[in-house]
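# Report on the structure
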Amino acid sequence: MFSPVNVFVLLVVSSSCAGLRHDATLDEELVRTEQPSKWGSLWPLPQRVSTSDLTFALAAATFQIFDGNPSSAGPTCSLLQNAYRRYYKYIFGEVRTKWPGQDERADSPELLGLVVLITDPDSECDRYPGVTSDESYELLVVQPYAILKAPKVWGALHGLETFSQLVYEDDFGAKTVNLTEISDFPRFAHRGVLLDTSRHFLPVKVILENLETMAMNKFNVFHWHIVDDPSFPYLSRTFPDLSQKGAYHPYTHVYTPSDVKMIIEFARLRGIRVVPEFDTPGHTMSWGKGQANLLTPCFAGSEPSGSFGPVNPIVNTTYDFMSRLFREIAAVFPDDYVHLGGDEVDFTCWKSNPDIQKFMEEQGFGKNYSNLESFYIQRLLDIVASTKKGYIIWQEVFDNGVKLKPDTVVHVWMGGSDSGDEMHNVTAAGFTAILSSPWYLDYISYAQDWLKYYKVEPLKFNGTEEQKKLVIGGEACLWGEYVDATNLAPRLWPRASAVAERLWSAKNVTDVNDAYNRLSSHRCRMVERGIPAEPLFSSYCPHEYKGK
């Protein structure tokens, strides 16, 4: 019923052949199948799908996507109207010449359109998505009109993507869809992708393209690691010198207020939250270029060494600066959360500074510099809380024994696939958790490493059911040391798609044979939509031989 994609997958084993380019220890068990999935190219796989061999034809001239209840979320809802136009183009593309023999194809009943019904009068059309947003939907593809029902607009967006994935072409270019019934909702509320715009500046166009691709995969959080040691590309109205002196280039490699606003709105129209990260007290070398006395002076013996370390936590000017900066951040970024980082704080510079040594003694901190880190983080949390924002921190803050507010979200990134102890500890302490440690996509390897990402089970750790309820989801992280606009998309996709299905679909969706087939087709769909997603293995995409 669906266009098959040739699938050939090998068992990668160690070899002594000359010219071997992959790690000889790589022994991921891969699969081989030549049969298309019964679920076609659906990705991520919905919670419940029922389909049959009965088909309906779609014609560009007659097919419409429209509101079934205009009084609640109809023509006034620009989010939906924007999505209708976008998905109509995805389904039918640009106007193309009729294929030879198209009129001779077997006729099917015609599907005249897709009716979208928002069942909750408070559709949230003009709001921003949040961690508690309802993303569920139901889709019934019957003739003459398919029906998409969702309580909120966020579920409708996902349903439109699913419907577009159900449509396929025959060899003559005719559009067809099968009789299908779907009931769907995400397994986890937080499904994110982290991009790093400090180590390499990413043009706005690249970020927007990635947001589009995230929507195709039903991700709903863009974790924007916007600044770091190498550069400070965020153009602050309050402290313009931060980017003027800390960005790679003060005009071409910065995100202006209008850029940030555009990115946030583009994401909102696709049901995606934008969670900014301003990582302190470490990872702040670029901050110090535009803000005097923010960083800690390092010492060599009794004399300043001329170098600087993390943010200086013992001077009042630090907290005055942070208060003003985070008030601006809270006003610019509408999401309920800000990521505060807190990872990889090197205590060496703090230890060398005599003023900090004296402060430690006065505060009774002894020689435990985690106490100083805790002092700083607690004051920063108070600052952010005063802006009515929630906060996410990297796991070291928790590991170092920093006293955290009960509503802090802990982001686990260390331990790789063996992060079970950390997840247990975080949730046992009562904190909400996000998992990223198995999903660092900047790591480069050979062969089908999507499998190791796909096989992760986020709740595979010792803990009570109450602990596991504290895991709200995870993120695929693409750090920027070796990634810029030239290679971001093929490095990220379709590897991140494997993470997307793990975070959306039911826990028992683990068949790698079926996943390979669907993911191969999904990758082809992304390529056809203009995303240079890398291939999984030797195969072809149907659009390659249709002259599109």
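Residues numbered from 1 in each chain as written. Predicted model: local features only at pLDDT ≥ 70, side-chain atom pairs only at ≥ 80, totals over all residues. Heavy atoms only, no water.

## What about helix α3 (residues 153-166)?
- Spanning 14 residues, α3 covers 20 Å between terminal C-alpha atoms, matching the ideal 20 Å at 1.5 Å per step.
- Most of α3 sits inside the fold, with 14 of its 14 residues counted as buried. (Helix = DSSP H or I, 4+ residues; strand = E, 2+ residues; numbered from the N terminus. Expected span 1.5 Å × (residues − 1). Buried < 20%, exposed > 50% of the residue type's maximum accessible area, 1.4 Å probe, protein only.)

## Describing helix α11 (residues 369-386)
- In this model, α11 (18 residues) spans 26 Å end to end at C-alpha, consistent with the 26 Å of a helix rising 1.5 Å per residue.
- Tucked inside the fold, the buried residues of α11 contact β12 (303-311), α8 (316-332), α9 (348-352), α10 (354-363), β14 (390-394) and α12 (395-399).
- Its side-chain oxygen placed 3.0 Å from the backbone nitrogen of Ser370, Asn368 serves as the N-cap of α11. (Contact = heavy atoms within 4.5 Å. Polar contact = N/O pair within 3.5 Å; in protein donor to acceptor, adjacent residues only side chain to side chain.)

## A short note on the confidence of the model for the protein
- Mean pLDDT over the protein works out to 90, with 89% of the residues at or above the 70 mark.
- Taken together, the stretch residues 1-28 has pLDDT below 50 and engages in 63 contacts with residues farther than four places along the chain or on a different chain.
- Taken as a whole, residues 95-105 scores under 50 in pLDDT and shows 13 contacts with residues more than four places along the chain or in a different chain. (pLDDT = per-residue confidence, 0-100.)

## Some remarks on the pairing of strand β3 (residues 113-118)
- Within β3, five of the six residues are buried, which leaves it mostly tucked inside the rest of the structure.
- Two elements, strand β2 (residues 64-67) and β3, share four bridges in a ladder whose sense is parallel. Bridge pairing in β3 links Ile65 to Leu114.
- With six bridges joining them, β3 and strand β5 (residues 145-150) adopt parallel strand pairing. By the bridge assignment, Ile118 is partnered in β5 with Ala150. (Pairing = 2+ DSSP bridges.)

## Comments concerning the state of the cysteines
- Overall, the coordinates contain three disulfides when judged by the stated rule.
- Taken in sequence order, the bonded cysteines of the protein link in the pattern 1-2, 3-4, 5-6. (Disulfide = S-S within 2.5 Å.)

## Comments concerning the packing of helix α2 (residues 78-92) against α3
- Close contact between α2 and α3 brings their axes to 10 Å; oriented N to C, the two are set at 10°. It follows that α2 is roughly parallel to α3 by the angle criterion. Residue-level inspection shows Leu79, Leu80, Ala83, Tyr84, Arg86, Tyr87 and Ile91 of α2 in contact with α3, the latter providing Val153, Trp154, Ala156, Leu157, Leu160, Glu161, Phe163 and Ser164.
- Within the contact of α2 with α3, the residues separate by chemical class into twelve nonpolar, one polar and two charged. (Axes fitted to C-alpha atoms, helices over the stretch in contact; angles between N-to-C directions. Parallel < 35°, antiparallel > 145°, perpendicular 65-115°, else oblique. Nonpolar A, V, L, I, M, F, W, Y, C, P; charged D, E, K, R; others polar.)

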